[in-house]
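# Structural description and commentary
The chain contents come next:
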Amino acid sequence: MANGWSLIIGLAFIVIFCIVSWFAAPKGENQTVWRSTLILSAVACFLMWAITFLAQWHPLIVPRRLDLRPEHEPSRRF
Amino acid sequence: MAPSKDTLFRSADMSLTQLYIANEIGREVVSALGELGVMDFRDLNADTTAFQRTFTQEIRRLDNVERQLRYFHSQMDRASIPMRSIYDFNNPFTSPSASEIDELADKSQSLESRISSLNESYETLKKREVELTEWRWVLREAGGFFDRARGQTEEIRHSMDNDDAPLLRDVEQPPQNSEAAGDRSFSVMNIGFVAGVIPRERIAAFERILWRTLRGNLYMNQSEIPEAIIDPETNEEVSKNVFIIFAHGKEIIAKIRKISESLGADLYSVDENSELRRDQIHEVNTRLNDLASVLRNTKQTLDAELTAISRSLAPWMTIIKKEKAVYETLNKFSYDHQRKTLIAEAWAPTNSLGLIKSTLQDVNDRAGLSVPTIVNQVKTTKTPPTYFKTNKFTLAFQTIIDAYGTIKYREVNPGLPTIVTFPFLFAVMFGDFGHGTILFLAALAMIYYEKPLSRSKLDELFSMIFYGRYIVLMMGIFSMYTGLIYCDAFSKELPLFPSMWKWQGEDGTGPEAVRVDNYTYPFGMDWRWHDTENDLLFSNSYKMKLSILLGWAHMTFSLCWSFVNARHFKTPIDIWGNFIPGMIFFQSIFGYLAFSIVYKWCVDWVAISQDPPSLLNMLIYMFLQPGTLENPDAPLYHGQAKVQVILLMMALICVPILLFLKPFYLRWEHNKARAMGYRGIGESIRVSALDDDDEEGQMLNGGRESFGDDEDGVAMITQDIGAGEHEEFEFSEIMIHQVIHTIEFCLNCVSHTASYLRLWALSLAHQRLSIVLWDMTMNIAFSMTGITGVIAIVVVFYLWFILTVFVLCVMEGTSAMLHSLRLHWVEAMSKHFMGDGMPFEPFSFKTLLEEEPIE
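These numbers come from a predicted model, not from an experiment.

Further remarks concern the packing of aromatic side chains. Residues and elements named next belong to chain B. Scanning the model with the defined rule gives 39 aromatic pairs over all chains in all. Between Phe55 and Tyr327, the aromatic rings sit 5.7 Å apart at their centres with planes inclined by 40°, giving tilted as the arrangement. Taken together, the positions of Phe55 in the loop between strand E2 (40-41) and helix H2 (56-78) and Tyr327 in helix H9 (residues 274-330) put the pair 272 residues apart, joining distant regions of the chain. The buried category is assigned to Phe55, whose relative accessible area is 13%. For Tyr327, a relative accessible area of 12% puts it in the buried group. An aromatic cluster is built from Phe490, Trp774, Phe782, Phe797, Tyr798, Trp800 and Phe801, whose rings are joined through pairwise contacts. Geometry around Phe569 places Lys408 over its ring, the cationic atom sitting 5.2 Å from the centre.

Encoded structure:
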């Protein structure tokens, strides 16, 4: 479902969003504020998401439980 | 050429304008411009003192009126009559005519005299009342003394008559004739007395002084007045004592009088005859009654008068304040006596010139003057002030930048990207969906109740938060987003999508998890990491790299603005000498680090069964032993060693370019210009003998161009523009400047990248703190059962919620905000910010009234 292509799809989505917000930003004296705010927000959010996605794409460690009953816990370190 | 639209990206295009205003309508013109609030008037009489200026008389008069209005206000405060709020008026901002101002001045003059005379008579009456009250107390208390003392006159007499009388006689046989002797007067015995009141705290000193000066030759009696006496002058309550002193001899009585008066006692006459005393008391009482009714009437009249004033005091104060500002501005103008014209110079946004012209035309038409007001645009080499047209959303963000430094005229405004980056970096440190929601809702509430809140008086801390309500809104939105990414809501997980981990083992409980094949958690952190043994191990590695990557992106983004600035100011040497070598230096080290982080994530190290290299060691080896790897058998990618050597070489080459290119280019350019015969203005090198006299004359004039006479205001102004703001070329200065810049830039690349690790540290601290809070409160409450459990949950929930708001949202939020602020001011703005501009301070009634609000 979610694999490496997600990054490309996400990027494409953000690029389209940026283009749309550049042209669809309300006209008037606040147009610049609208454009920069929408585009920068989109880019910042995408970066955050992409980094998180990448970090979990090929994880080097796996989760280990802490809350198991003692007989299931082979190596309790307390 | 139509001027381009003013945006927040660069400061507005400004023009220096000259206004020629007919003297008759000067006041009206300035007042109309004050309503517009787009002109920053320059002081053309900087060398004249405040007393010598043209409109000092008017300002003095208005000062006086202002003082009178303040007097009314203080009187109203004393009588606790509320002033009608300025917001109750539909339009208090209409500018009044000169005759209306005169009327107002006369009115406040007459009102002042009326109020003060009323006050005076009220105070006199009050004083009278106090005196009478004191007298009544003296009469009442002293009466008691007399009655007691009278009983003893006989003994006093006896003891005085025969000194050899046995001391114990009066104890053994009480005198029989005391009643008969009761009416005998003290005066017969030559005993005088003084009666009066004295503040209670002085009574001890009073007694001591009397005792010492009279050597004990007195009989003093005193008693406390149970009710406090109000001092009419200071309106303070004073508790006083009544005293009566008997003594022998006229001189001694006179002495006692003097002493008591010097100690602030009030003396009252008391008759020793009880009949007369009764009459006195009676009289005092009637007089007190009369006085009370007169006082009540006076007070009513005064209050009625003040209430009438209170209805229109706020607009009056506004009008006078504006009027004063108008004359203070007019004082900045130079006055041409011959042509009866006022000449003004002001900076104004070029885009507002049309508005200014039409406003001036309106004023002219209203006054019916044939002489038009002339608006001239002046060409000048002076740097215009920096002006950004902000709205209530952008204002607070712009304030963040302005707090650091005023942006140079037409420089790229870091305030524009700050709208997003500031709350976003805050949110990276504050990432929690629940806490973000609290911030968001609080900001929404503040925005919804904007009007009532902005009119009410707030305490300092809250007014600061209220000022930044749109920042808080953005921070709330982004915190909700990063909370979703971190998968945290009040420290609990948010299972939005199926997890990418399945618990291993026969019954699916673990202890280790296995990955679901070919599936990565699509949005944010996997919620299965919550409450695991090694979640810190994973999230630390993730957040550390996240902060490095975001820091790299933020700094690269900021560095790019220096390119845009250099393009705009047409200084290509800043591109070739600063931007490009700096960019290469930064990217070949930290851009490479960012690339390696992403590349390492993209490789499936388990699948190719190879140990992933440590990135930190890689960076260290890259510098310490270029060309070798920590583990040559397991490189990050093929040809890693070669690439790293090339990158390092590129970075090293950039340092001398950064250091020398710009200063030497500037020197070459300067020398070329001089070789062609150009000279700097004010360089005093004699070119030919003919110029000799001129030079001498200039030196006598203080090195400046001749000033022209005072009559010729125009000449003076244009001369003034040329002066100043010309720097001489000094190679050593430029070189030193560039050396500092280079060292700073290269070292800062390292320290600033490390500085972004605060994103990781703070987000870690925030997450841990909210987990601890949950465990210490709600978790304990959930473990209880039965009715105690229910009560505990309710109580603990409130505790948890209050702590969440105050510790996690307010305290942690403030710290995250300060760190984000630092990242903007230091890490980002040092890459491009020049910031040596002057702020634009337009003459505006609106800001005037905002700065000193009339409550």
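Residues and elements named next belong to chain B. Within helix H19 (residues 615-624), burial applies to Leu615, Met618, Leu619 and Met622. Projected onto a plane normal to the axis of H19, the buried residues spread over an arc of 95° and lie on a single side. Looking at H19, the residues exposed on the side facing more than 90 degrees away from the buried face are Leu616 and Leu624. Against helix H17 (535-568), helix H18 (572-602) and helix H20 (640-675) lie the buried residues of H19.

This next bit is on the pattern of salt bridges. Taken as a whole and judged by the stated rule, the model has 28 salt bridges over all chains. With a shortest N-O distance of 2.9 Å, Glu533(B) and Arg64(A) are connected by a salt bridge. In this pair, Glu533(B) sits in the loop between strand E13 (513-515) and H17 while Arg64(A) sits in the segment after helix H2 (31-57), so the two residues belong to two different chains. For Glu533(B), a relative accessible area of 26% translates into the label partly exposed. Its salt-bridge partner being Asp535(B), residue Arg768(B) comes within 3.4 Å of it at the nearest N-O pair. Taken together, the residues span a long stretch of sequence, with Arg768(B) in helix H24 (residues 758-776) and Asp535(B) in helix H17 at a distance of 233 residues. Owing to a relative accessible area of 27%, Arg768(B) belongs among the partly exposed residues under this scheme. Residue Asp535(B) is classed as buried on the basis of its relative accessible area of 15%. Members of the salt-bridge network, linked through shared partners, are Arg64(A), Glu512(B) and Glu533(B).

Residue and element names in this part refer to chain B. Under the local residue numbering, the UniProt record ascribes the feature "transmembrane region" (unreviewed entry) to residues 424-449, 470-491, 546-564, 576-599, 645-666 and 780-810. Taken end to end, residues 546-564 has its terminal C-alpha atoms 27 Å apart, with 100% of it in helix and 0% in strand. Span residues 780-810 is 94% helix and 0% strand, its end C-alpha atoms 24 Å apart.

Residues and elements named next belong to chain B. Averaged over all residues, the pLDDT of chain B equals 84, while 88% of them reach at least 70. Confidence over residues 165-184 falls short of pLDDT 50; this stretch has 12 contacts with residues more than four positions distant or in other chains. A low-confidence stretch, residues 684-725 stays under pLDDT 50, and its non-local contacts, those more than four residues away or across chains, total 37 contacts.

Thresholds, definitions, all that
- Residues numbered from 1 in each chain as written.
- Chains lettered and ligands numbered in written order.
- Predicted model: local features only at pLDDT ≥ 70, side-chain atom pairs only at ≥ 80, totals over all residues.
- Heavy atoms only, no water.
- Phe/Tyr/Trp six-rings, centres within 6.5 Å; stacked < 30°, edge-to-face > 60°.
- Helix = DSSP H or I, 4+ residues; strand = E, 2+ residues; numbered from the N terminus.
- Buried < 20%, exposed > 50% of the residue type's maximum accessible area, 1.4 Å probe, protein only.
- Lys NZ or Arg CZ within 6 Å of the ring centre and 35° of its normal.
- Arc of directions from axis to C-beta.
- Contact = heavy atoms within 4.5 Å.
- Salt bridge = Lys/Arg side-chain N within 4 Å of Asp/Glu carboxyl O.
- UniProt positions renumbered as here; feature names shortened; annotations may be inferred.
- pLDDT = per-residue confidence, 0-100.

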